[in-house]
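# Observations on the three-dimensional arrangement
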Amino acid sequence: TISVEVKVTTPVKVQATTSVKVMATTPVTVEATNSICAHTTAVCVQTTLACSPTVPFTVQNNLVDINMTAKTILVTILATLVNDEAVDGDPTTRYSTETTAPACIHPTPVCVQTTTVCPQPSLSTPTPTSTLVTTTTTTTMSPTPTPTPSSPPQHLCAFPFGYEAGDEMLPRTDDGCSRKLDLDCGAFVPILGRRVSNFYVCANGVVTADIPFHLYVAQLFPGDRRLSNRLILAPFWVDVDIRREGNIWYGSHHKGDDNVTQTADELVHELSPQHSDFKSEAVYVATWENVPNYPDGSFYYSDEKSHLRNTFQVVLITDFTNTFMIYCYLDVEFSGRWGWNAVVGYTAGDGFQFFNQPGSRTDAISQVGQVKTGNYTGMLFFHLTPTVMVESRADFQCREWYCEDRDRFGQHPEWTNFLVPCPWTLFHAWLDNRYISVYSNKPRQCYIQRFPRTVFVDGELLTPETECCYRFGWLDFGSPFGGSSSPFHRFSFFQHYYHYYQLTVQPYERCCLQSSNCHLYFERRPSRSTWFYWPPGWGWFFGDPHIRTMDGKSYTFNGHGEYILMKTSDESFVLEGRAEPTGEGNSTATVFTAFAMAQFAASNDFTAMDPNSTVLHVQLAANDTLQVFALRTGGMDYVDITSNFTELSNTSILLLDEVTISRPYNVTIQALFSSDISVRVEAKKGLLAVVFAGPVELMGETRGLLGVWDENPDNDLTARNGTVLSSDASDRTIHFDFGLSWQVTSNESLFYYPDGLGPSAFSFPNAVPVFLDEVNLTSIASPELITACGGDPVCLFDGSVTGDIQVATQSLATEQTNSADIATLDNQPPIMNGIDTLYAFVNHTTIYLFTVTDVNDTFDVVLQGTRPPQEEYTFTWVDETYNFTWTPMSTQTVSIQFLATDSAGASTLLHPLVRLCACHQELNATCTDGSGDPGENKFLVQSCSCGSGYGGTFCDVDVDGCNDIDCFPGVECTDNPAPLTGATCGNCPNGTVTRNGSCEDVNECKSNATNNCEQKCANDVGSFSCSCNAGYTLNENGKSCDDINECKDNSLCHQTCNNTVGSFACDCEFGFQLGADKITCEAIEECSQPQLCEQLCAVGPKSNDLCFCNQGFTLDSNGHNCSDVNECGSQNGNNCDQQCNNTVGSFTCSCWSGYVLNADGHSCDDVNECITLSRPCPAMTQICENVDGTFNCLCPPGTFYINGTCRALVDGETPPPTEPPTTSSTTNAARSVNATQTTEPTTNVGTATPDTSIGEVLVTFSNLNVSQFNASRAKFKEAVAEAVSNHCSSSQNCIQAAKRKRRASFVVASDEVIIVSVIQSGSDVDVTFFIHSPTGRAVVSAAEIVQALQANNTKDSLQALGLTLASVSVVNPVTPTATEAPTKDTGLTTAELVGIVVGTVGGVIILIVIICVVYFIMSSKQTAKVKPMKVRHDDEVPLRQMKKPTGRHSGSSSPELVD
């Protein structure tokens, strides 16, 4: 059906009580202004032009509207009128009739019944079915009808467009494109293996990517070099001109925006059931609305096609993993102009992935709107990701997260200001209890701060986390192996872990593991450096017990009781220790057996505990195990959490409000408080050892047995009352004046006490121990102890007082390990200062400077990584400044790493990101930072912004401006050399004019000065052609028209045909008269004895009965009977184009395979299998080429048929060998081998039987290849045509077809030389061909062709073309189906022949004189009526094919007297 608009001058009010019949073929064109109103009336509309899936009319609240474009259409309106007049005295509405040539026929009646009179419109759209109607249509009106449902709605593929849909409109243009439409957040759509991140919507029915597309002459894909490496989606690539009218819209719809994505999903589920779970993320729609063909946007041009308009869409539906595409055709009225027909399809630009819709580049493409996909008419549906790009989905999700995170936290997230710094080296991270290992995959190990910190940023509660990752011991930064960060700590409150996973873990997986966007991840989750990192201060207690203060002061305190080991000046943190005697008996040696610790709100009163704080009590249990108790300060009793502790692994933690507990070793507990204070307690040989670590913020704030931490060991021995002992005070003085002052009072105690016990049970202030400096250790130590201790006094003391060598060696090991660890912690590696990015330029020298300092140590600096070639760089230094000078000569990947290592092995790595610019700056190219993942080498080649006229990766290629423009066909294109851009087209050809820098065709038919056609003129590009009305034929001069003698070959009349100018008139023999049809002859009088005549009888001039025969018969010699005439036996006896079949009294015409008989019954037209077959070619990539009688499936230029598809050759691939053609009897197959990629039609599917070729000819050329032959292919055909024409013009042996001659001389055209195959055979080329002769021309046998080619002058002509003829022979000989009687040798001399001719002419003259006399005499006599015999009617013998008499009452058909 086609969309029409019916406008009625005066409303037609129709009653419901009358019915009217209208023939279904009645053509009317309704041209008026209003609508048809109905009172409970059914109104039917039937169209006989059908080209659009849209509805032929709509009902708007019972108001019938037929919506129409401004074109003439055959339409029948069935309605009810009263006495053919309008009701209520309204004047009758009349319709004018005007028909146009139908493009397609689907006569479909559609009826809608209404029940009210013309309310305000409310759109509803009934739709037609596809049932053909060939009978009279009747609509009966009922007074109270029951509303009947409309036909089931036809599915429409149209998506919303226009301003209401949020679309943007392309400005008025001819061949222009939209602005660059970048996808949000740099996402890309996967299409045909490409990552498409932007689109251009172009006027000429094309969507492309990366660069605009201005070509207006459509090409079959994959196209020429101008289409190479270009993605082109072509819903209807044709020259569109919207300078004056027509709109082009484009826009996008995202999930959740509207219901467009839901509609798209439903379409995908229906048309691709295997993707039933598909859910689109975005839908991109471009619509060409009522766009005209070029040059209809011009103010100067118009022709008969200027009113035609097209409306179509392309819809891309994607979830960024799968992409589907819909071409939707709402109304297609034109296919192109001047032979520049449209192409529908797509190409990836790689020569492999492309598609051409059958009919592309032909007039038939205008019927694409009738293509059905599923239940949808006018739709093409494609899956553009047959190989799913999983990475594309992750890429989209990564970029989507990137944008959402940027919107949430800002371009520069404020929470990153609260990230803790990373430890200097891996050893620092391992020793710093504030950090915990979360990932270890050598050589990469990662740590995070153990305890989350809570901050408020823009009113949002966050717990920023720093992740520090080390490779080979030094800190790594950025993508892909560096540590990252997060606004939420993974060990924060439970509700935050989901946020951490969603905002950090999942984005890392999608950006770094599943796609190549790690740089985006690290932009939002940056690595943290070591700036502002400072290692914690350490102090420890071990052995008998021995103490090392935070400032490094060592002393021994053998107190017996509970003591404050450390408390802050504001008493926000307290660590207490319990010392008890070791062993049994009267030993005075004591060791630590329990520790208690707590973090409180800042207060000077121990009782003012933070109700959210937790007190930990750790004590030595049997078999050197630990027992752990916890008390929330707001609670009443301690809880034994030993079982919880023992279940911890070496990496897990237990969160108790403000403290986390871990178990790094079997009998070791480590507690980290939110203040970054950590306490590590370890059970060893019946005693506990403890290591206290505090952040640098505690400096100057500590008191207790660990001293005052201020980097001054001289004041570490500060008593509770503030008295400072001398740093060299004796052990006895330290014990009584310092140590005992820090004894825990009853209200200070944090310890857990068993029932019945309290602080007093563990208080022994009067106990006097053995003092280390008062003992001669060597005198009391055993030789074994001295050997084991190696002279260490602490070791000797512990061994002597405890009597246990293992305790002694254990004390020694603890002291040595802790001392080594604190030395490592305190050793800052060399400090390297250099910029993060090294900018370098190919063939230019770059200098990168950085400094290295280490005030406490010496160091070495080395260049490592993937270094440039030695000749490209130098590495020098002066003092602390290092100079790396580099002149890169290529874009080879490098990794520039500088490693500084001090004497203690602490290292720092400086690994700048290398951004290498290879753009040709001398050609005005500039480098852009761009984006991309630098990878582990931290190396990026920058993208280039080219100067005017240049292109290529590095802007060193002079861009051929002809690649982006189409000059008018036949006009030369010349590139403008860089720095100029574009190209210059030559002068416009004749028949065109130059306007706005381009050529516009001149419509010569519009001007009397150029239009010299006698009858009809048809404009063409750059020219015009003439044609004639029916009954005329175009003269050889191409301008004037000559009358066609319709009576020449076969009469259209019953008896006599008289030609007239432009037509003919029928006449009858004597005794007959024309019937009402002006064709049939009827006897004037009945014969007296009609039974004597076999067929017709008429009363003659003498009132006698004369016998006649119907056309197709001849009167026998007896004058009564009729014999059949074999019209097929003589050349002029029939008018069949191709094949003649004699029947009794007549004949029928038929056509060869691949042709169809026309309605006139004698002419044949080629069948266009490329249109009539649903899928003529086996591969979608093949092009169907229709030729006379057959079709070929060819590969587009530049591609080859390989493994069932057409594709370009990959680098290094050789063209496949040609194959001999195959013949198939299947009507839906065609030749697809490479041998026919550039050949003419052959005897394959749908091919005319080569009875006109009488066999095929095989020619072998020596020392030749297929490419060389193809270069001379056209010249070869011309040479063969000339040779055969010359041969057959002089030879009497060329077989004649059973046809009438239409040519005076024998001429073979080059396009009649049909090449079947071209096959490489070693160093030779075999070419098989035949000559496809047109109807009515002598047919050449293969044997005659062989003789023609063997002539010396023919061989010379071929040799001049580089074709050396080796052999020529007949293959596949065919016996001709039409023959003539052989010519007999009469043996007469010339003189005898002349005599016969003269005698014959004289006899004819005498006979004519006698006939005239007889006629005169008979005409003067009175005759009686003679009833003629009835004419025998035979379905196979049409009256119009009756045999034409040679003259009135003369010749073999003249009547004879009965008597």
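The shown structure was predicted, so the numbers you read here are calculated from the model rather than taken from an experiment.

What we call a disulfide is simply a covalent bond connecting the sulfur atoms of a pair of cysteines. This structure, assessed with the given rule, holds 26 disulfides. Here Cys185 connects covalently by a disulfide to Cys403, the sulfurs 1.3 Å from one another. Taken as a pair, Cys185 in the loop between strand E13 (181-182) and strand E14 (189-191) and Cys403 in helix H2 (residues 390-409) lie far apart in primary sequence, 218 residues in all. The disulfide partner of Cys1068 is Cys1081, and the gap between their sulfur atoms is 2.0 Å. The disulfide joining Cys1068 to Cys1081 has a torsion of about -95° about its S-S bond and is therefore left-handed. With Cys1068 in the loop between strand E75 (1063-1067) and strand E76 (1072-1074) and Cys1081 in strand E77 (residues 1081-1083), the pair connects residues that are 13 residues apart, well separated along the chain. Each of the two residues, Cys1068 as well as Cys1081, counts as buried.

Attention now moves to the nonpolar core. Phe573, Met597, Leu616, Ile661, Val681, Phe692 and Leu705 are the most contacted members of the largest nonpolar core, which totals 49 residues. Among residues more than four places away in sequence, those in contact with Leu616 are Phe595, Ala596, Met597, Phe629, Ala630, Ile641, Leu656, Val659, Ile661 and Ala671. Formed by 47 residues, the second largest nonpolar core is a distinct cluster that contains Ala209, Tyr250, Val314 and Met325.

For the rest of this paragraph, the subject is the pairing of strand E78 (residues 1096-1099). Here E78 shows two buried faces, one formed by Leu1096 and Ala1098 and the other by Cys1097 and Val1099. With 4 bridges joining them, E78 and strand E79 (residues 1105-1108) adopt antiparallel strand pairing. Among the inter-strand pairings, Leu1096 is bridged to a residue of E79, identified as Phe1108. Here E78 folds back onto E79 in antiparallel fashion, the turn holding 5 residues, of which Ser1103 has a positive phi close to 60°.

The strands making up a sheet associate through backbone hydrogen bonding, with each pair oriented either parallel or antiparallel. On the basis of which strands lie adjacent, the open sheet formed by 3 strands has the order E55-E58-E59 and antiparallel pairing. At either margin of the open sheet sits one strand with a lone partner, and together these are strand E55 (859-864) and strand E59 (907-910). In this sheet, adjacent strand axes meet at a mean angle of 20° when their direction is disregarded.

Parameters and conventions
- Residues numbered from 1 in each chain as written.
- Predicted model: local features only at pLDDT ≥ 70, side-chain atom pairs only at ≥ 80, totals over all residues.
- Heavy atoms only, no water.
- Disulfide = S-S within 2.5 Å.
- Helix = DSSP H or I, 4+ residues; strand = E, 2+ residues; numbered from the N terminus.
- Buried < 20%, exposed > 50% of the residue type's maximum accessible area, 1.4 Å probe, protein only.
- Core = buried A, V, L, I, M, F, W, Y, C linked by side-chain atoms within 4.5 Å.
- Contact = heavy atoms within 4.5 Å.
- Pairing = 2+ DSSP bridges.
- Axes fitted to C-alpha atoms, helices over the stretch in contact; angles between N-to-C directions.

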